[in-house]
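# Structural overview for review
Below, each chain spelled out in residue letters.
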Amino acid sequence: MSRPHEPRVGRIRAFGVLFLALLVAASFAEDFPGRQWLRYELFDAYQRIAPRERASAPAVIVAIDEDSLERYGQWPWPRRLIARLLVEIGEARPAAIGLDLLFPEPDRLSAADDELLAVALAQRPTVLAIAGTGEARGVNNLYSAAAFRVTGADPLPFVDRYPRALASIAQIDGSAASRALISAHVDGAVRSVPLVGAIGDTLFPGFGLELLRLASGVTAISVTVDAGGVSKVSIAPDVPTPVDSNAHAWIRFSRHVPARFVSAAEVLERRVAPNVFESKVVLIGVTGIGVVDQALTPHRERVPGVEIHAQLIENIFDGQLLSLPSSARALERGLLVLGGMVLLFVVPRARPLPAVGIFAALVALTAALGVRAFDSYHLLIDVAAPGLGLTLLFGGLLAATLGESERQRRALREVLEHERFAAARLAGELSAANRIQLGMLPDPAQWRDARLEIAALMEPAREVGGDLYDFFKLDERHAGFVIGDVAGKGLPASMIMAIGKALMRSQMLRGGAGLGAVLTRADAEIALDNRESLFITALAGVISLDDGRLEIASAGHELPWLLRAGEAPRSIVVAGGPPLGALEGYAYDVETLALAPGDTLVLITDGVTEAMDKQGRLYGRQRLAALLATIAPGAPATLIADAIRDDVARHADGAEPADDLTVMVLRWRGN
Amino acid sequence: MTGAAEMALQPRRFANCVVLSPGGRVDHQNAEGLRAALAPHLAHCATGRDAVVLDCAQLEYISSAGLRILMLAAKQVKTQGGKMTVAAMQPVVAEIFEISRFNLVFQTHDTVRQALASLSPEALAAFGS
């Protein structure tokens, strides 16, 4: 782009830098409306774009499904049936069995059932569910089977904490090897589950983690806490379990996989291959319609809650858990600044369409970066925030750029307006000069003597010209007339024309010495102060209105034409002398003619004879003579004048006239 | 500006006389060109120096703008005490001179020879040889 654009580019950039700084500042604010929603939408989008493939199957779900409920009756089942299910599963030697079930009341039919279940639980590595609650019927006297080895600060302020828990009756609860929280974090969809939570002041492990701990035979869960919250939760150094500051593990979800499920009915009927459960974590949950607790995954699939735990176990087992690195915020801000700088550089210089293209590419690149970090490195980077920032910045820059070019267009338009105005004013001055020139000329319509018919017209050329005509009563019996042409154009010519006309009229009105003396005097006056060496060709005459006697003298002017009934038009040779102002002190001769009634004098300036067409051909005297020959005797004087003007225009055929065109027609009608 | 078109005058010298031959048409489009072309010759046209003859044999037409240049030339020469004549006009130009009475501003001659004869015997001799 050319340099003249630089100032505006600079202005837009300054605005952009300010805007970007504002956006970076805003990125520190966590809680502005919609931010969390945008983050989650983005994270869900990652999940959908790059869903996890279920690689290994460390967990199997024994589903108390529709089929099972049909065969063994409605939920809740008698507890002896659950006990039988545990026995059947236990036959295959699973690593751990988790019951995503609660038994908060004694069995409706028989206390013996509760005892059967308690025994079945106690004989196997089982984990019972507890759920955090604020309800008064909950309990707060539970203990955790898992030990916690806490490093750093107290994790209680950071983890999900409930005053009480819904748990199974003590008889059953106490029989299981362990108990763990099944509460998940739900915000529209389940995205993360706590690995550690608390009931009252007691820490409890999350359901999935506890099953893995039990399966691996580890006694303690280590928790590291720093100033920002929980930084690490782990059951073994070689099993990475990244968590956020609230000790939540972010699950990379696979789609719903039916292969995770085995029907409880099949287990009870021993229709399942024994190795299905061997060394696996077995989860027991209810999936049948009407009783199921369902959860929405980021894939927008409704799955049984128990599958969430299965997914968590798979995540931990395969090292697929997602992390929100503490450096993520800095990275997001860096993206904003980097992309912002690109936009600052490009947008003010580019046309809107390429600018949109570059912006789109930038956003696409940012999004690709986010997806890549998710897919390959299990990192949750919130590229929505810098993306939104870049969008705002782009919008601002684009608006500023368009506004600026609109401003420039307006400025340009103003300049044009100004120029047009100046031109109009100049034209106004010119037309004013033309009006002066024309205004100085008498109006033939005002002539009030029937003995003489007068028509006159002047067509000024574009530049101010110097043609003149004049007619006036000298006394009751005499009319004077003048036609003249100042050689030269422009204002000086106009001035000379005005002076010449005034001189001639005043000299003629003074009378006395005769027409020759009038011209001699005018000649001397014009020569007196004439630095431009302009001269006037003029034809002056006096008509005696009573008898048609014509005195006429020429100062180097075009000859007049005489139209007389019964004769061909002829130019009459007129005595006189050189143009006024050409030779000083010349004594002009005067011609005397006798006009017959109806005789018509046609006086012209060289704007007629020297009118040129586009090829430079002159109108000429022959053509004028030919035109005049076509005019009927007694045709109105104005018609004759108009005919000449129109014929000249036909000849010029659009060529710009170089000189004023003047025609004056005088007809003596007789007394 | 109009009138600045160049004009060649093909000057010929006969003793102390310079014969200039404008050609074609002189109007408002090239009148200034005529003025410029005349200027150096007019500068030497003074008492005891050159005389100028305007040979109009090739001149087809002259407008009032052209006449004005000739008038300016006449005035300058008159002030300098020089002599300038016009010769060999075609009928159209002669008519223009007649109508505009420029035949009163300049001495006119039918031929260049006559013009030279009126100015100086030496020039006539040089022309004749």
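Position numbers for residues count from 1 along each chain, tracking the sequence in the order it is written. Labels are handed out in written order, letters beginning with A for the chains and numbers beginning with 1 for the ligands. Since the coordinates come from a predicted model, pLDDT governs what is reported: local features require at least 70, and pairs of side-chain atoms require 80 or more to be given and counted, while whole-chain, interface and lining totals use all residues. Only hydrogens and water are set aside; all other atoms, that is, all heavy atoms of the structure, feed into the side-chain values.

### A closer look at the overall build of chain B
A tally of regular secondary structure across chain B gives five helices and seven strands. Each radius of gyration reported is based on C-alpha atoms, and the globular scaling rule is 2.2 Å times the count of residues to the power 0.38. Relative to a compact globule of 129 residues, whose C-alpha radius of gyration would be 14 Å, chain B shows 14 Å and is just as compact. Only protein chains enter the area calculation, which uses a 1.4 Å probe; residues under 20% of their type maximum are buried, those over 50% are exposed, and those in between are partly exposed. Counting across all 129 residues of chain B, residues that qualify as buried make up 51%. Excluding contacts between residues fewer than 6 apart, the proportion of contacts in chain B whose partners are at least 24 apart in sequence is 73%. Taken as a whole, chain B presents about 5800 Å² of accessible surface, with 53% of it coming from carbon and sulfur. For helices the rule is a DSSP run of H or I covering at least 4 residues; for strands it is a run of E covering at least 2, with both sets numbered from the N terminus onward. Contacts are assigned to residue pairs that have any heavy atoms within 4.5 Å of one another. To be clear on the numbers: accessible area is Shrake-Rupley with a 1.4 Å probe, and residue cover counts the displayed protein chains and nothing else.

### Description of the packing of helix 7 (residues 207-216) of chain A against helix 9 (residues 305-318) of chain A
Residue and element names in this part refer to chain A. Here helix 7 crosses helix 9 at 55°, and the two axes come no closer than 8 Å. It follows that helix 7 is oblique to helix 9 by the angle criterion. Seen along the crossing, helix 7 lies across helix 9 with a hand that is right-handed. On the side of helix 7, the interface is formed by Phe 207, Gly 208, Leu 209, Leu 211 and Leu 212, while helix 9 contributes His 309, Leu 312, Ile 313 and Ile 316. Gly counts as polar in this scheme, as do all residues outside two lists: the nonpolar Ala, Val, Leu, Ile, Met, Phe, Trp, Tyr, Cys and Pro, and the charged Asp, Glu, Lys and Arg. Each residue belonging to the contact of helix 7 with helix 9 can be placed in one class, and the counts come to seven nonpolar, two polar and no charged. All axes are obtained by fitting lines to C-alpha atoms, using only the stretch in contact for helices, and the reported angles, taken between N-to-C directions, cover 0 to 180 degrees. If an angle is under 35 degrees, it is roughly parallel; if it is over 145, roughly antiparallel; if it lies from 65 to 115, roughly perpendicular; otherwise it is oblique. The sense of a crossing depends on the near helix, which, turned anticlockwise from the far helix by less than a right angle, makes the crossing left-handed and, turned clockwise, makes it right-handed.

### A short note on the packing of aromatic side chains
Aromatic pairing here means that ring centres of Phe, Tyr or Trp (its six-membered ring) are within 6.5 Å. Orientation follows from the plane angle: under 30 degrees is stacked, over 60 is edge-to-face, and everything else is tilted. Evaluation of the coordinates by the stated rule reveals 16 aromatic pairs over all chains. Measuring from ring centre to ring centre gives 6.1 Å for Phe 43 of chain A and Tyr 46 of chain A, while their planes differ by 25°; the resulting arrangement is stacked. One end of the pair, Phe 43 of chain A, and the other, Tyr 46 of chain A, are both in helix 2 (residues 35-49), three residues apart, so they sit about a helical turn from each other. Each member of the pair, Phe 43 of chain A together with Tyr 46 of chain A, is buried. For the pair Phe 97 of chain B and Phe 102 of chain B, a centre-to-centre distance of 6.1 Å together with 75° between the ring planes defines the contact as edge-to-face. The pair formed by Phe 97 of chain B and Phe 102 of chain B is uniform in burial state, with each residue classed as buried. Any Lys NZ or Arg CZ found within 6 Å of a ring centre and within 35 degrees of that ring's normal is scored as a charge over the ring. Geometry around Trp 447 of chain A places Lys 473 of chain A over its ring, the cationic atom sitting 5.9 Å from the centre.

### Comments concerning the sheet that holds strand 8 (residues 185-187) of chain A
Residues and elements named next belong to chain A. An order of 8-9-14 is seen for the three strands of this open sheet, with the pairing classed as antiparallel. If you trace the sheet from one side to the other, it starts and ends with strand 8 and strand 14 (248-250), each paired once. Going across the sheet, the axis of each strand differs from the next one's by a mean of 35°, ignoring polarity. With three bridges joining them, strand 9 (residues 189-194) and strand 14 adopt antiparallel strand pairing. Its bridge partner being in strand 14, Ser 192 is matched across the sheet by Trp 250. When DSSP finds at least two bridges between two strands, those strands are taken to pair.

### Here we look at the domain arrangement of chain A
Bring the parts together and some accessible area is lost; that lost area is often taken as the interface size. Marked domain ranges trace back to an automatic or database domain assignment. Domain annotation for chain A reports domain 1 (3-37 + 326-402), domain 2 (53-318) and domain 3 (443-668). Each of domain 1 of chain A and domain 2 of chain A was reduced to a C-alpha centroid, and the two centroids are 44 Å apart.

### Focus on the packing of helix 4 (residues 79-90) of chain A against helix 5 (residues 111-122) of chain A
Relative placement of two packed helices is described by the angle separating their axes and the distance separating the axes. Residue and element names in this part refer to chain A. Relative to each other, helix 4 and helix 5 sit at 20°, their axes nearing to 7 Å. Judged by the inter-axis angle, helix 4 sits roughly parallel to helix 5. Between helix 4 and helix 5 lies a crossing of left-handed hand. Where helix 4 abuts helix 5, its residues Arg 79, Arg 80, Ile 82, Ala 83 and Leu 86 lie against Asp 113, Asp 114, Leu 116, Leu 117, Ala 120 and Leu 121. Of the residues belonging to the contact of helix 4 with helix 5, the class tally is seven nonpolar, no polar and four charged.

### Section: the interface of chain B and chain A
The partner chain A presents 27 residues to the 19 residues of chain B that form the contact. In terms of surface lost to chain A, no three residues of chain B exceed Arg 68, Ile 99 and Arg 101 of chain B, which account for 30% of the buried area on that side. A carboxyl oxygen of Asp or Glu within 4 Å of a side-chain nitrogen of Lys or Arg is what we treat as a salt bridge. For the pair chain B and chain A, the interface holds zero salt bridges. Going through the elements one at a time, strand 5 (59-62), helix 2 (64-80) and helix 3 (91-99) of chain B are the ones with two or more residues in the side of chain B that touches chain A. The leading source of residues in the side of chain B that touches chain A is helix 2 of chain B, at six residues. Across the side of chain B that touches chain A, the residue classes break down as nine nonpolar, four polar and six charged. A quick way to say it: buried area is the sum, across both parts, of accessible area lost when two parts are put together, with a 1.4 Å probe.

### Brief notes about the pattern of salt bridges
Residue and element names in this part refer to chain A. Scanning the entire structure with this criterion turns up 47 salt bridges over all chains. Across the salt bridge formed by Arg 271 and Glu 269, the nearest N and O atoms sit 2.9 Å from each other. A salt bridge links Arg 477 to Asp 546; the nearest nitrogen and oxygen atoms lie 3.9 Å apart. Of this pair, Arg 477 sits in the loop between strand 20 (467-475) and strand 21 (478-486) while Asp 546 is found in the loop between strand 22 (536-544) and strand 23 (549-555), placing the two residues 69 residues apart along the sequence. Taking relative accessible area as the criterion, Arg 477 reaches 46% and is therefore assigned partly exposed. For Asp 546, a relative accessible area of 25% gives the class partly exposed.

### Things to note about a nonpolar patch on the surface
All names here are of chain A. On the surface, Phe 32, Leu 388 and Leu 392 cluster together into a nonpolar patch covering about 240 Å² of accessible area. Its location among the elements puts Leu 392 in helix 12 (residues 384-439). On the accessibility criterion, Leu 392 (43% relative accessible area) is partly exposed. Patches were defined on residues exceeding 30% relative accessible area and lacking a salt bridge, with like-charge contacts within 9 Å and nonpolar side-chain contacts (Val, Leu, Ile, Met, Phe, Trp, Tyr) within 5 Å.

### Some remarks on the pairing of strand 29 (residues 661-668) of chain A
All names here are of chain A. Of all the eight residues making up strand 29, eight are buried; the element is thus mostly covered by neighbouring parts of the structure. The alternating pattern of strand 29 places Leu 661, Val 663, Val 665 and Arg 667 and Thr 662, Met 664, Leu 666 and Trp 668 on opposite faces, both of which are buried. The pairing of strand 19 (residues 452-459) with strand 29 spans eight bridges and is antiparallel. By the bridge assignment for strand 29, Ala 455 is matched with Val 665. Pairing of strand 28 (residues 600-604) with strand 29, which is carried by five bridges, proceeds in the antiparallel orientation. Following the sheet pairing, Thr 600 is matched in strand 29 by Arg 667.

### A few points about the pairing of strand 2 (residues 96-99) of chain A
Within a regular beta strand, the side chains point alternately toward one face of the sheet and then the other, so they alternate between its two faces. Residues and elements named next belong to chain A. Alternating positions in strand 2 separate into two faces, Ala 96 and Gly 98 on one and Ile 97 and Leu 99 on the other, with burial throughout. Pairing of strand 2 with strand 16 (residues 281-286), which is carried by four bridges, proceeds in the parallel orientation. By the bridge assignment, Ala 96 is partnered in strand 16 with Val 281. Alignment of strand 2 against strand 3 (residues 126-133), held across three bridges, turns out to be parallel. Bridge pairing links Ile 97 to Thr 126 in strand 3.

### Comments concerning the environment of Ile 604 of chain A
Residues and elements named next belong to chain A. Mapped onto the fold, Ile 604 is located in strand 28. Through-space distance from the C-alpha of Ile 604 to that of Asp 642 is 12 Å; in sequence the pair is 38 residues apart. In this structure Ile 604 touches Ile 483, His 557, Glu 558, Trp 561, Thr 609, Leu 624, Thr 662 and Val 663, once residues within four positions along its chain are discounted.

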